Amino acid sequence: MKKYGKLIVAALVALVFIGTFVFLWQKSQPKAVEYSEFAVGTDSLRKTTVITGKIEPRNEVNVKPQISGIITELLKEAGQTVQQGEVIARVKVIPDMGQLSAAESRVRLADINVRQAQTNYERERELYEKQLVSADEFERVQQALQQAREEKTAADDALQVVRDGVSKSNASASSTLVRSTVSGVILDIPVKVGNSVILANTFNDGTTIASVANMSDLIFRGNIDETEVGAIEIGMPMKITIGALQDMELTARLEYISPKATESNGANQFELKAAVDVVKDNKLRSGYSATAEIVLAKADGVLTVPESAIDFSGDTTFVYVVSGQGERKTYDRRQVTTGLSDGVNIEIKQGLKRDERVRGPQKIDD
């Protein structure tokens, strides 16, 4: 019985050995090379490029105060619509001590001049009534009094402006009221109540109270590589996709290409701007990241084959045309003239006819 068991085990081992040998021998045998095949068809090709950039207002205006002081009240918030001339904030004036002292001195001097002019006028009037002086001399004294009074009024106004930021004569145009210079949407109010603000001068740009822009007039701003800038021109259409609003596609028209390149990461790039066609009730916000697709070249109704079927040899291109069937199938090498490529398919200008078949890459088993 044990003898039969040993024979069975030996037979099993022999079968495994022989099976392994046969499997390896079969795998080592050369297999017929197979290629994928493609039919020559008619299609439309588009060579496009994608440009990254941002959506922003064409004009963004910084509203700044006309006087230095402290913010006492903010009447608007970011996101609200404002009309030109509408009040955004109120400013309390903190007078400069040198200017205040000079304004007070000017008022005191004007008072002295008015009193002296009044005295001269009274004296000259008595003499004129007694016909001891001429009318011309009396009119000059009268004019001097009027000038002194006008100077006193101007000095008082100047003191009020320095001290309070507004005078009685210009209360309707008070510089303590910060008004919007344009109509639009308030994008940002970078100050808070209690902040000190200064007016623009030779040494300082001034404090920005609010940024206002017309959100119905938007542009796309981006950069294009120098290798592609030669293929675009003013007026070309663009398709805009907003990163935060994937379901929204906008159209735009190229309106500016920078004449000077800027270097970025070792590559020369040119800035471009495109006017965005804004839809009604849009949800666009300033600063949205966006991508613009622009067609650099196109060919409609042309013969095409996959670019992987093209054999490049220097400046000449070839394809392998399929002839026959089954075991009699052959591949004839033929020179062709190519045209536009979109990275997947390529245009065939000469050398092939519609519905001919060409050889593609070799098929590789998994």
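So, how was this worked out
Residue numbers run consecutively from 1 along every chain, following the written order of its sequence. Whole-chain, interface and lining totals are the exception, using all residues; otherwise, since this is a predicted model, local features are given only for residues with pLDDT of at least 70 and side-chain atom pairs are given and counted only at 80 or more. The basis for the side-chain values is all heavy atoms of the structure; hydrogens and waters are excluded. Two strands make a pair as long as DSSP finds a minimum of two bridges between them. In DSSP terms, a helix is any run of H or I states spanning at least four residues, a strand is any run of E spanning at least two, and both are numbered starting from the N terminus. With a 1 Å grid laid over protein atoms only, a set of points is called a cavity when a 1.4 Å probe fits there but cannot get out and a pocket when it is open yet has protein on both sides within 12 Å along at least five of seven lines; lining residues have an atom within 4 Å of a point. Grid points are joined across faces, edges and corners, and a volume is the space filled by probe spheres set on the points. Residue classes follow a fixed rule: Ala, Val, Leu, Ile, Met, Phe, Trp, Tyr, Cys and Pro count as nonpolar, while Asp, Glu, Lys and Arg count as charged, and any other residue, Gly among them, counts as polar. Ring pairs shown here join Phe, Tyr and Trp side chains whose ring centres sit within 6.5 Å, with only the six-membered ring taken for Trp; geometry is labelled stacked below 30 degrees between planes, edge-to-face above 60, and tilted in between. For a Lys NZ or an Arg CZ to count as sitting over a ring, it must be within 6 Å of the ring centre and within 35 degrees of the ring normal. Definition used for salt bridges: Asp or Glu carboxyl oxygen within 4 Å of a side-chain nitrogen of Lys or Arg. When accessible area is computed with a 1.4 Å probe and restricted to protein chains, residues below 20% of their type maximum are described as buried, those above 50% as exposed, and intermediate ones as partly exposed. Only residues whose relative accessible area exceeds 30% and that take part in no salt bridge are eligible for patches, with like-charged residues grouped when within 9 Å of each other and nonpolar side chains (Val, Leu, Ile, Met, Phe, Trp, Tyr) grouped when within 5 Å. Surface accessibility follows the Shrake-Rupley procedure with a 1.4 Å probe radius. Residue values consider only the protein chains on display as shielding. What we call a nonpolar core is a set of buried Ala, Val, Leu, Ile, Met, Phe, Trp, Tyr and Cys residues that are connected through their side-chain atoms within 4.5 Å. Residue contacts are defined here by distance: any two heavy atoms, one from each residue, within 4.5 Å place the two residues in contact. Between N or O atoms, a polar contact is any pair within 3.5 Å; within protein, one atom must be a potential hydrogen donor and the other a potential acceptor, and residues adjacent in sequence are included only when both atoms are from side chains.

*Asks:* Could you clarify how one ought to interpret the sheet that holds strand E8 (residues 184–188) in this entry?
*Replies:* Taken in spatial order, the 4 strands of this open sheet run E3-E10-E8-E5, and their pairing is antiparallel. Strands with a single pairing partner mark the edges of an open sheet, and in this sheet they are strand E3 (60–63) and strand E5 (81–82). Where E5 lies against E8, 2 bridges are found, and the strand directions are antiparallel. Residue pairing in the sheet places Val82 in a bridge with Gly184 of E8.

*Asks:* Looking at this structure, how should I read the layout of surface pockets?
*Replies:* One water molecule sets the probe size; rolling that probe over the atoms shows where empty space is left. In this structure, the largest pocket occupies an estimated 260 Å³ of space. For the largest pocket, the full set of lining residues is Ala78, Gly79, Val185, Ile186, Leu187, Met215, Ser216, Asn282, Lys283, Leu284, Arg285 and Ser286. Taken together, the residues of the lining of the largest pocket break down into 6 nonpolar, 4 polar and 2 charged.

*Asks:* What is the right way to read the pairing of strand E18 (residues 316–323) from this model?
*Replies:* Look at any regular strand and the pattern is simple: side chains alternate between the two faces of the sheet. Where strand E17 (residues 311–313) lies against E18, 3 bridges are found, and the strand directions are antiparallel. Each bridged residue has a counterpart across the sheet, and for Phe312 the counterpart in E18 is Thr317. Where E17 folds back on E18, the antiparallel hairpin that results is connected by 2 residues, among which Gly314 adopts a positive phi of roughly 65 degrees. Two elements, E18 and strand E19 (residues 330–341), share 7 bridges in a ladder whose sense is antiparallel. Following the sheet pairing, Phe318 is matched in E19 by Gln335. Once E18 ends, the chain turns through 6 residues before running back antiparallel as E19, passing Gly324 with a positive phi of about 80 degrees.

*Asks:* Help me understand the packing of aromatic side chains in this model?
*Replies:* The way to describe two aromatic rings as a pair is by their centre distance and the angle between their planes. Inspection of every chain in the model, using the stated rule, returns 1 aromatic pair. Cation over ring: Lys273 sits above Tyr256, and NZ or CZ is 5.1 Å from the ring centre. Directly above the ring of Tyr331 sits Arg359, whose terminal nitrogen or CZ lies 5.2 Å from the centroid.

*Asks:* Just to check I follow, could you spell out the sheet that holds strand E7 (residues 177–179) for this structure?
*Replies:* Strand-to-strand pairing in sheets goes through backbone hydrogen bonds, with the strands running parallel or antiparallel. Reading across from one edge, E7-E6-E4-E9 is the order of the 4 strands in this open sheet, with antiparallel pairing throughout. Edge positions in the sheet fall to E7 and strand E9 (196–197), since each has one partner strand and no second. In this sheet, strand E6 (residues 87–93) lies alongside strand E4 (residues 69–74) in antiparallel orientation, the contact comprising 5 bridges. Paired with Ile70 across the bridge in E6 is Lys92.

*Asks:* Please explain the pattern of salt bridges as it appears in this structure.
*Replies:* A pair can form between side chains of opposite charge whenever their charged atoms are brought close. Tallied over the entire structure, the rule returns 15 salt bridges. Where Asp217 meets Arg58, a salt bridge forms, and the shortest distance between an N and an O atom there is 3.0 Å. Linking Asp217 in the loop between strand E10 (210–213) and strand E11 (218–225) with Arg58 in the loop between strand E2 (41–57) and E3, this pair joins segments that are 159 residues apart in sequence. Taking the relative accessible area as the measure of exposure, Asp217 reaches 29% and is therefore partly exposed.

*Asks:* Is there a simple way to think about a nonpolar patch on the surface in this case?
*Replies:* The grouping of Ile8, Leu12 and Leu15 at the surface amounts to a nonpolar patch, some 320 Å² of accessible area in total. With respect to the helices and strands, Leu12 occurs in helix H1 (residues 2–28).

*Asks:* How should I be thinking about the nonpolar core in this particular structure?
*Replies:* Counting residues in each nonpolar core, the largest one holds 27 residues, and the members touching the most others are Ile55, Phe220, Ile232, Met238, Ile240 and Ile242. Elements with a minimum of two residues in this core: E2, E11, strand E12 (237–242), strand E13 (249–257), strand E15 (267–276) and strand E16 (289–306). Among all residues touching Ile240, those that are not within four sequence positions of it are Ile55, Phe220, Met248, Glu249, Leu250, Ala252, Ala290, Thr291 and Ala292. In terms of nonpolar packing, the next biggest core, distinct from the first, is built from 16 residues, Ile189, Ile209, Ala210 and Val212 among them.

*Asks:* Which parts of the structure should I look at to understand the pairing of E6?
*Replies:* Across the 7 residues that make up E6, a large majority, 5, are buried. Bridge count for E6 against E7 is 3 bridges, and the pairing is antiparallel. In the strand pairing of E7, Arg90 is matched with Leu177.

*Asks:* Explain the environment of Val319 to me, please; I cannot follow it from the model alone.
*Replies:* In this fold, Val319 is placed in strand E18. Take Val319: its relative accessible area is 0%, and that puts it in the buried class. Between the C-alpha atoms of Val319 and Val358, which are 39 residues apart in sequence, the distance is 6.6 Å.

*Asks:* I tried to follow the environment of Asp342 on my own but got confused; where do I start?
*Replies:* Relative to the helices and strands, Asp342 resides in the loop between E19 and strand E20 (345–350). Residue Asp342 is classed as partly exposed on the basis of its relative accessible area of 33%. As a C-alpha pair, Asp342 and Leu45 span 297 residues in sequence and 6.2 Å in three-dimensional space. With sequence-adjacent residues up to four places away left out, Asp342 is seen in contact with Leu45 and Arg46. A distance of 2.8 Å separates a polar atom in the side chain of Asp342 from the backbone nitrogen of Asn345.

*Asks:* Would you take a moment to explain the side chain of Thr304 for this structure?
*Replies:* Along the chain, Thr304 turns up in strand E16. On the basis of relative accessible area, Thr304 is assigned to the buried category, the value being 7%.

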